[in-house]
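# Examining the three-dimensional arrangement
Residues per chain, in single letters:
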Amino acid sequence: MSRAALPLILLTVLMMHVLMAEPTEPFFNGDETRHVMTGIFVADAIADGGIWHPKSYAERYYAQYPALGLIVWPPGFYTAEGAAMLAFGRNFETGRWLAIAYCLLACTFLYRLAFLTHGRFVAVIATLTFAFTREIVFFSRNVMLEVPTLAFVLMAMLHLERYLQAMRRRDLVLMAVGCILAGLHRYDAVLLVLAFGFRIAFARRWDLLAKRSVIVAGLCVIAILAPVYALAVWEIGGVQASAASQGTDATTVRANRFEQYTYLLATLWAQLGHVACVAAVIGLALSFRKINRAKSAPYWSLTLATLLFFAPLAEQESRHAIFWIPAWCVWAADVAGLFSRWRWVAGAVIVGGTMVWSLKQPVPWVRGYSAAADYALTHSAGPGIVLFDGHFSGTIVYELRTQDRERRLWLVRADKILYGSRSDPSHGYVEYETSDVAILARLAELDPDFIVVEEPRARSDPPMAQRLRQLLTSKPDLYRLVATIPVASNNLEWLANTKLLVYQPTKPRTPGERKLRIPMLWQGGAIDALIPPK
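These lines cover the structure that appears in this document, whether it is placed above or below. None of the values given here were measured: they were computed from a predicted structure.

Right, let's get into helix α2 (residues 31-48). In this model, α2 (18 residues) spans 25 Å end to end at C-alpha, consistent with the 26 Å of a helix rising 1.5 Å per residue. The element α2 is largely enclosed, with a buried count of 15 among its 18 residues. Taken from the residues just after α2, G49 is the one with a positive phi, measuring 80°.

A few words now on the packing of aromatic side chains. Within this structure, the stated rule accounts for 26 aromatic pairs. Plain terms: the ring middles of F27 and F392 are 5.9 Å apart, the flat faces sit at 85° to each other, and that makes the pair edge-to-face. In this pair, F27 sits in the loop between α1 (2-20) and α2 while F392 sits in the loop between β2 (384-389) and α19 (393-403), placing the two residues 365 residues apart along the sequence. Across this residue pair, the class does not change: F27 and F392 are buried. Ring centres 5.1 Å apart and planes at 75° place the aromatic pair F41 and Y61 in the edge-to-face group. Here F41, found in helix α2, pairs with Y61, found in helix α3 (residues 54-64); they are 20 residues apart in sequence, far enough to count as distant. Accessibility classification places F41 together with Y61 in one group, the buried group. Pairwise contacts between aromatic rings join F27, Y369, F388 and F392 into one cluster. One cation-aromatic arrangement involves R367 over W365; the distance from NZ or CZ to the ring centre is 3.8 Å.

On to a nonpolar patch on the surface, then. Together, L8, L11, M15, V18, L19 and W97 make up an exposed nonpolar region whose accessible area comes to about 590 Å². If you tally residues by element for the nonpolar patch, the top one is α1, at 5 residues. In this fold, L19 is placed in helix α1. With a relative accessible area of 69%, L19 lands in the exposed category.

Glancing now at the side chain of R401. The residue R401 is located in helix α19 in this model. Beyond its immediate stretch of four places on either side in the chain, R401 contacts M37, I40, D44, Y61, Y65, R90 and R407.

Definitions and cut-offs
- Residues numbered from 1 in each chain as written.
- Predicted model: local features only at pLDDT ≥ 70, side-chain atom pairs only at ≥ 80, totals over all residues.
- Heavy atoms only, no water.
- Helix = DSSP H or I, 4+ residues; strand = E, 2+ residues; numbered from the N terminus.
- Expected span 1.5 Å × (residues − 1).
- Buried < 20%, exposed > 50% of the residue type's maximum accessible area, 1.4 Å probe, protein only.
- Phe/Tyr/Trp six-rings, centres within 6.5 Å; stacked < 30°, edge-to-face > 60°.
- Lys NZ or Arg CZ within 6 Å of the ring centre and 35° of its normal.
- Patch = residues over 30% accessible without salt bridge, like charges linked within 9 Å, V, L, I, M, F, W, Y side chains within 5 Å.
- Areas by Shrake-Rupley, 256 points an atom, 1.4 Å probe, with all protein chains shown as cover.
- Salt bridge = Lys/Arg side-chain N within 4 Å of Asp/Glu carboxyl O.
- Contact = heavy atoms within 4.5 Å.

Here it is in structure tokens:
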């Protein structure tokens, strides 16, 4: 039974995701579409030979498909995703199943860590509870980077614990590999520095910091990650610092310092659900008993590192605290073990309560942007331009790329050429055109085959987006409405009644090449491209 426990857990988690799978277009948080499109970019770069001249290839690719996550996030996930897409197809589903594979990997490392510290029972209950928590379920069925990073954070913590117990060089090497892989998936894997510091302090093993093999392992981690992080600091360091200190979305910035530092603690109830949360808090209290201190140290370390790393940031979201969920699940499972003969029943109550809490959350989905991309492709010939304005620009970029095997259409975003912002209209909003005459002149210069706009615009409605829609409506002699495509969604109130309006210029397109210039607010400068003629 002991050997079969982990495979059975992984099979259970996999079946849950199979049964919960919901057809959708990529949309979550804006980030998801960037993660999917960057994986497609990597696959295309390998197939096209773009890896031999990466800068020019990336700039040209971004000009046509402006929804990439290059440099904004490290390259680890995109490398794995690009390889998977070469093998299984350049589509959203490949990215989704890759995210689930990372979830299974995280479950594996958590099971082994909990087994090492607490034994088989706690390992089984903690891993199942972890897999069914709201955050893990949600971020495993979306193509996001939190769960992949967490998998390697757990790998590093597992091998650190093994190293502290047996002092084997193999575990030191694997711990360093875990640190490198975590750091190549998200920059906030830096929290491992805090976690390791706390763990060494709890073990009172400061002597390890002077050990030659430990110093060499640390230098190897730094040597591999330093170029990646240095490039990010060089290109977007100022913007990232601003995001950390001021936030990029007004809805995620807390009102005062007290709320900022207590927000993550307040999210625990929602992350775990009622049953697991109560058990976990009791488990934390019991972890300070002398008999429990040694085995609780890695989980104290992970919890403290998460709290101290993310609490000072201006932007607060519950997904940031995903790194402490394994610790709370272990403490909850440890409480179930106190029931002795009834421990499996108590464990089942904790797992079942967590599952019910998570699965009653509606599964959000969005559909409609695929139809807009299909309309543009069906009603155009040769190279062309689709100008889009709306919240889900990445979604229609993805749909155009995956439906257009010849890559003949270019997607131009209005929030890149008419106005712009850094991540969210509430942060760094600028307008590049100041009058209706200037807007119409810019549209005439671009001469798009179609203009697609959200009506009403999802989530936010910047002034320039409003002016663009008003101009399209008031100038039937220049642009005629040719299609109205409904957007269907689930559990997204701000997307209710949204439609995609497709406009087409009344005058035939001018022959010849068209110049495209995209200002880059994050990095500064601009990207220039020539769109070929028909």
